[in-house]
Amino acid sequence: MKNNVFKVLLIEDNIDQAELIIECFEGNNTPCKIFHVVDGEEAINYLLAKEEFSDREKHPLPDLILLDLKLPKISGIEVLKNIKNDPELILIPVIIFTSSQDEKDLELAYLNHANSYVVKPLGYDSLSNFIHMIVGYWKKLNTTPQK
Amino acid sequence: MKNILIRITLLTAIVITLFLTVIFGIMLPAFEKNIYDQKKEMISELTNSAWNILAKFEADEKKGLLTRDQAQKAVIAQIHSLHYGNKMKDYFWINDMHPKMIIHPYRIDLNGKDLSDFKDPEGKKLFVEMVETVKKDGAGFVDYMWQLREEENKVVPKISYVKGFAPWGWIIGTGIYIYDVQDEIKRIKRNLIQISIIIILLSTVVLVYLMLEYMRTELGRANAVEALKYSEKKYRTLVENNNDVIMRLDNKSRVLYSNPSIEKYAEIKAESLSGKNLKELELPVELRQFFENAIKKVIDTNQKYGLESTMPGKTGETVFNWLLYPEFDESETNTHILCIGRDITEIKHKEKIIRQQVKELEEKNAELESFNYTVSHELKSPIITMQGYLGLVNEHIKQGKSERIVSDIKKMENAANKMYGLLECLLKLSRLGKITGLFEKIQMKELINETIELLNSNIKKANIKINILSDMPEIKADRQRIREVVQNLIENAIKYIGTQTEPEIKIGFTKEENEHCFYIKDNGIGIEKAYLEKIFNLFEKLNPRSDGNGIGLAVSKKIIDYHGGRIWAESEGKNKGCAFYFTIPIIAVEKIKI
């Protein structure tokens, strides 16, 4: 696993920001594969391999989920609840990645078993640094149970 | 009260008069007579005793122990010195039947003298009368004037008892001075008068004290009665003029009293309630049961009990707050129930309004909070994007990837535009809350046609068929705002028409009871049912890839809310078209509410 490509599901409705994040992942030395969805509905469909995401080969389960809270259709917290209530998905670490510093959001995220909560950093360097760190931490340092 | 005082004084006067009459009219004369009798008795006894001296010496003479002369001399000597009385100055004397004085201790001059012609100063031949009395009865009383004992110059009335001593033809006697007796009686009288005066004084003092005491209590009682009357009047006024309904019931649910306040709420005369049982009153069944239960509760628990009731009445439905209090007698038994009913209709009404307002405020607050949250997040987002791409430009310059720079800058420009658009929309939204445009008559047909004209190029581009109901109504509303709503809804319909082969937009209305309900229906991409309500939220975009900023429907909703109407969307799901409805009340208010 450690040597495999690190698969990340990015759930982010701002397309430009998503592109920037993907850029940062790709600029990282570690081989990563980013799957991007724009709203809560797509995220759930992806994770449950539904509709346009039914092909698991093309849309594999990720090793890490980056989840924005403010999403169209289905909110980030709802997506989180879905993940953490699904035995198939519960083991996938979820990082809440949002611009909200609201105490309520923070609390709600952890109450629903988010694995981490990061406020979106300002500027390319910080973002790049952050991506570097999460890949370093979640791929190299952290151990997750294997199925 | 005066009467009673007079009566008491009179009674006392009668008692005192009676007392004096008895003392001086009956007792004193009786007493006086008694004293006289006693004195007479005394002198008769004394005379008898002295007579025995004579009898003793005469017996000695008869025995031959003495001669008559010796016996008589011895008697004379003995009688001469025989005295009695307080100062041993009272005496006996002896004369014979002639009459001639034998022995008199004080009138020695008379001894041996003939007394046949002896008269007292009033001319009475007293010694002759004595002889006659003795001759007649052997003994008896004789009254006359005589000198007071040894005092020759003082002649006073005297009464004497004389007894004859037949063997020697002598008469022995002794007397009392009426003067002495009267003196004594006077003394007694004086004492009696003194005692009477003391008794009268004492009883007067007692009487005065009693009267004062009586007057004091009587005055106190009168004052208390007065105070009680005043207090009763005071409380009666208080109860009768009280706004609350006040009733007093006995423990058999019978009305004993009701103040006139009840007349405000029911076609009832307060006085006519007295004596009636609750059952006899024309009360709604539930209300009566309500009351009966409450009364039972008060009787069972001996504690006050409060309840709220709604009563139909003269002035419409009235809400009362009833308080029932138990009333106890001296033995702590609950005998009566006091019911106080306060009309709280107004308060209830106001409470309701306040609750409503509080609820509205809370909703507004929550809305504002969520608005702040959404806005701050939404405004942050383009800045994050810009910052990110700014860094990326630097990176690309460093790496010499100049071909990427143009697209990076384009992204930044997009973000800046988005930011600007957002601020623009927020400004518009804030104005919506402030501007109070006057309502005017709007021909909807005209307004819709103008809007279609405005959007004509987009409609042509998408080749959409527009179908407007021929007959459209006139409404009363804020023209500019309603145009915004219509434009927004038609724009949305065009934007989400999809890849339809025969795209069509239908515009029309239905007339309901109080409102016109307008619709804009398309056969475009539709909306999943789960999101039909969400789309009216601020910055809510179902498709992140589409342009627009998720503000149009939020603004439309706000405008329709201001007009007192409703706005909603209907769709059977994805690719099944969509219909937007909004209503405008037919009886419109004159101004937009802020």
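Every residue gets a number counted from 1 within its own chain, in the order that chain's sequence is written. The lettering of chains begins at A and the numbering of ligands begins at 1, in the order of writing. With pLDDT at 70 or above as the cut-off, local features in this predicted model cover only qualifying residues; side-chain atom pairs require 80 or more to be listed or tallied, and sums for whole chains, interfaces and linings still use all residues. Neither water nor hydrogens contribute to the side-chain values; these are computed over all heavy atoms in the structure.

Asker: Sorry, what's going on with the overall build of chain A here?
Answerer: Only runs of H or I of at least four residues qualify as helices and only runs of E of at least two qualify as strands under DSSP, and these elements are numbered from the N terminus. Counting secondary structure elements, chain A contains 5 helices and 5 strands. Overall, chain A shows an N-to-C arrangement of helices and strands of β-α-β-α-β-α-β-α-β-α. Burial statistics for chain A: of 147 residues in total, 58% are counted as buried. What makes two residues a contact is simply this: any of their non-hydrogen atoms within 4.5 Å. Sequence separation of at least 24 residues holds for 65% of the intrachain contacts in chain A that already meet a minimum separation of 6. Using the Shrake-Rupley algorithm and a 1.4 Å probe, accessible areas are obtained, with residue cover drawn only from the displayed protein chains. For chain A, the exposed area adds up to about 6,900 Å²; of that, 51% sits on carbon and sulfur atoms. Exposure classes here rest on a 1.4 Å probe applied to the protein chains alone. A residue is buried below 20% of its type maximum, exposed above 50%, and partly exposed in between.

Asker: Help me understand the layout of surface pockets, please; the structure alone is not making it clear to me.
Answerer: Empty space among the atoms becomes apparent when a probe as large as a water molecule is rolled across them. The volume enclosed by the largest pocket comes to roughly 1,600 Å³. Lining the largest pocket are 38 residues, with Glu363, Glu367, Leu368, Ser370 and Phe371 of chain B positioned closest to its centre. Sorting the residues of the lining of the largest pocket by element identifies helix H3 (76-84) and helix H4 (103-111) of chain A together with helix H6 (345-399), helix H7 (402-434) and helix H11 (552-562) of chain B as the ones contributing at least two each. Looking at the lining of the largest pocket element by element, the count peaks at 11 residues for H6 of chain B. Under the scheme applied, nonpolar residues are Ala, Val, Leu, Ile, Met, Phe, Trp, Tyr, Cys and Pro; charged residues are Asp, Glu, Lys and Arg; polar residues are all the others, including Gly. Looking at side-chain class alone, the lining of the largest pocket contains 15 nonpolar, 6 polar and 17 charged residues. Space inside and on the surface of the protein is sampled on a 1 Å grid over the protein atoms alone, with a cavity defined as a set of points where a 1.4 Å probe fits but cannot get out and a pocket as an open set with protein on both sides within 12 Å along at least 5 of 7 lines; lining residues have an atom within 4 Å of a point. Grid points are joined across faces, edges and corners, and a volume is the space filled by probe spheres set on the points. In this structure, the second largest pocket encloses a volume near 1,200 Å³.

Asker: What exactly am I supposed to notice about the interface of chain B and chain A here?
Answerer: For interface size, the figure often reported is the accessible area lost on association. Listed as interface residues are 30 residues of chain B and, on the opposing side, 32 residues of chain A. A buried area of about 2,600 Å², summed over both sides, lies between chain B and chain A, and 50% of it is on carbon and sulfur atoms. By buried area we mean how much accessible surface two parts lose on assembly, using a 1.4 Å probe and totalling the loss over both. In terms of surface lost to chain A, no three residues of chain B exceed Tyr373, His377 and Ile384 of chain B, which account for 22% of the buried area on that side. What counts as a salt bridge is simple: a side-chain nitrogen of Lys or Arg found within 4 Å of a carboxyl oxygen of Asp or Glu. Inspection of the chain B/chain A interface yields 4 salt bridges. The salt bridge involving Glu369 of chain B is made with Lys104 of chain A; its shortest N-O contact spans 3.0 Å. Distance and chemistry together define a polar contact, namely a pair of N or O atoms within 3.5 Å, with one atom able to donate a hydrogen and the other to accept it when in protein, and with adjacent residues in sequence counting only for side-chain atoms on both sides. Put simply, chain B and chain A have 14 residue pairs in polar contact (both at pLDDT 80 or more) between them. At the level of elements, H6 and H7 of chain B are the ones that each hand at least two residues to the side of chain B that touches chain A. In terms of residue count, H6 of chain B provides more of the side of chain B that touches chain A than any other element does, 17 residues in total. Looking at the side of chain B that touches chain A, its residues break down into 9 nonpolar, 9 polar and 12 charged.

Asker: It is not clear to me how the packing of helix H8 (residues 444-454) of chain B against helix H10 (residues 479-495) of chain B should be interpreted in this structure. Could you clarify?
Answerer: In a packed pair of helices, the relevant descriptors are the angle between the two axes and the axis-to-axis distance. Residue and element names in this part refer to chain B. Relative orientation of the contacting elements H8 and H10 amounts to 50°, with a least axis distance of 10 Å. With respect to their mutual orientation, H8 and H10 come out oblique. Crossing of H8 over H10 shows right-handed handedness. Contacts between H8 and H10 pair Met444, Glu446, Leu447, Ile448, Glu450, Thr451, Ile452 and Leu454 from the former with Arg479, Ile482, Arg483, Val486, Gln487 and Ile490 from the latter. Here the contact of H8 with H10 is composed, by residue class, of 8 nonpolar, 2 polar and 4 charged. Note on geometry: axes are lines fitted to C-alpha atoms, helical ones only across the stretch in contact, with angles between N-to-C directions running from 0 to 180 degrees. For classification, angles of less than 35 degrees are called roughly parallel, those exceeding 145 degrees roughly antiparallel, those between 65 and 115 degrees roughly perpendicular, and all remaining angles oblique. Crossings are assigned a handedness: left-handed for a near helix turned anticlockwise from the far helix by less than a right angle, right-handed for a clockwise turn.

Asker: Where do I start with unusual backbone geometry in this structure?
Answerer: For residues besides glycine, phi is generally negative; the peptide bonds are generally trans as well. A cis amide bond, omega -5°, links His98 of chain B with the succeeding residue Pro99 of chain B. Here Glu51 of chain A, not a glycine, exhibits a phi torsion of approximately 50°, which is positive. By relative accessible area, Glu51 of chain A is classed as exposed at 56%. In this structure, Ser253 of chain B takes a positive phi of about 65° despite not being glycine. Tracing the chain through its elements places Ser253 of chain B in the loop between strand S8 (245-250) and strand S9 (255-258). Judged by its relative accessible area of 12%, Ser253 of chain B falls in the buried class.

Asker: Which parts of the structure should I look at to understand empty space enclosed by the protein?
Answerer: If you walk through the whole model with that rule in mind, you get 3 cavities of 30 Å³ or more. Of the voids in this model, the largest cavity is the one considered here, and its volume is about 60 Å³. Gln17, Leu20, Ile21, Lys120, Pro121, Gly123 and Leu127 of chain A together with Ile384 and Gly388 of chain B together form the lining of the largest cavity. Among the elements of the structure, helix H1 (15-27) of chain A together with H6 of chain B are those that each provide at least two residues to the lining of the largest cavity. Among the elements that take part in the lining of the largest cavity, H1 of chain A stands out by supplying 3 residues, more than any other. Taken together, the residues of the lining of the largest cavity break down into 5 nonpolar, 3 polar and 1 charged.

Asker: Would you mind showing me how to read a nonpolar patch on the surface here?
Answerer: Patch membership is restricted to residues that have no salt bridge and whose relative accessible area is over 30%. Joining uses 9 Å for like charges and 5 Å for the nonpolar side chains Val, Leu, Ile, Met, Phe, Trp and Tyr. On the surface, a nonpolar cluster with roughly 300 Å² of combined accessible area is contributed by Leu10, Ile14 and Leu18 of chain B. Within the secondary structure, Ile14 of chain B is located in helix H1 (residues 2-63).

Asker: Explain helix H5 (residues 285-301) of chain B to me, please; I cannot follow it from the model alone.
Answerer: Quick reminder: α-helices carry 3.6 residues per turn. Residues three or four places apart thus point the same way. Residues and elements named next belong to chain B. A helix is expected to reach a length of 1.5 Å times the quantity of its residues less one. Here H5 is 17 residues long and its end C-alpha atoms lie 24 Å apart, about the 24 Å a rise of 1.5 Å per residue gives. All of the buried residues in H5 are Leu287, Phe291, Ala294, Ile295 and Val298. The buried residues of H5 occupy one face: seen down the axis, they fall within an arc of 100°. Seen from the open side of H5, the exposed residues pointing more than 90 degrees away from its buried face are Glu286, Asn293, Lys296 and Asp300. Taken together, the buried residues of H5 touch S8, strand S10 (305-311), strand S11 (318-328) and strand S12 (334-343). Asn302, located one to two residues past H5, shows a positive phi value of around 60°. As used here, the arc belongs to the directions running from the helix axis to the C-beta atoms.

Asker: Would you take a moment to explain the sheet that holds strand S16 (residues 504-511) of chain B for this structure?
Answerer: The pairing of strands in a sheet comes from backbone hydrogen bonds and takes either a parallel or an antiparallel form. All names here are of chain B. When DSSP locates at least two bridges between a pair of strands, those strands are taken to pair. Across the sheet, 5 strands lie side by side as S14-S16-S17-S19-S18; this open sheet has mixed pairing. Of all the strands in the sheet, just strand S14 (465-468) and strand S18 (567-570) have a single pairing partner and so form its edges. The sheet shows a mean angle of 15° between the axes of neighbouring strands, direction not considered. The pairing of strand S17 (residues 515-522) with strand S19 (residues 578-585) spans 8 bridges and is antiparallel. Across the sheet, the residue bridging to Cys517 is Thr583, located in S19.

Asker: Would you take a moment to explain the nonpolar core for this structure?
Answerer: The nonpolar side chains of soluble globular proteins are, as a tendency, buried together. Residue and element names in this part refer to chain B. If you look at the biggest cluster of nonpolar residues, it comprises 79 residues, and the most contacted ones within it are Ile482 and Phe582. The element that contributes the greatest number of residues to this core is H10, accounting for 7 residues. Once residues lying within four places of it in the same chain are set aside, the contact partners of Ile482 are Ile442, Met444, Leu447, Ile475, Ala477, Ile559, Ile560, His563 and Ile584. Judged by nonpolar contacts, the second largest core, of 29 residues, contains Ile35, Ile43, Ala50 and Ile79. Joining through side-chain atoms within 4.5 Å is the link that ties buried Ala, Val, Leu, Ile, Met, Phe, Trp, Tyr and Cys residues into a set, and such a set is a nonpolar core.

Asker: It is not clear to me how the environment of Arg254 of chain B should be interpreted in this structure. Could you clarify?
Answerer: Residues and elements named next belong to chain B. Tracing the sequence through the fold places Arg254 in the loop between S8 and S9. The residues contacting Arg254, other than those within four sequence positions of it, are Arg248, Leu249, Gly275, Lys276 and Asn277. Among the polar contacts listed, one links the side chain of Arg254 to the side chain of Asp250, at a separation of 2.9 Å.

Asker: Where do I start with the pairing of strand S4 (residues 94-98) of chain A in this structure?
Answerer: Remember that side chains alternate between the two faces of the sheet whenever the strand is regular. Residue and element names in this part refer to chain A. Across the 5 residues that make up S4, a large majority, 5, are buried. Neither face of S4 is left uncovered, since the one carrying Val94, Ile96 and Thr98 and the one carrying Ile95 and Phe97 both have all their residues buried. Alignment of strand S3 (residues 64-67) against S4, held across 3 bridges, turns out to be parallel. When the sheet's bridge partners are listed, Leu66 is paired in S4 with Ile95. When the strands point away from the viewer and the connection leading from the first strand across the helix to the second strand turns clockwise, the crossover is called right-handed. Crossover connection from S3 via H3 to parallel S4: handedness right-handed.

Asker: Could you clarify how one ought to interpret a positive patch on the surface in this entry?
Answerer: Charged residues are defined here as Lys and Arg on the positive side and Asp and Glu on the negative side; His and the ends of the chain fall outside this count. Each charge is placed at NZ for Lys, CZ for Arg, CG for Asp and CD for Glu. On the surface, a cluster of positive charge is made up of Lys186, Arg187, Lys189 and Arg190 of chain B. Taking the relative accessible area as the measure of exposure, Lys189 of chain B reaches 32% and is therefore partly exposed.

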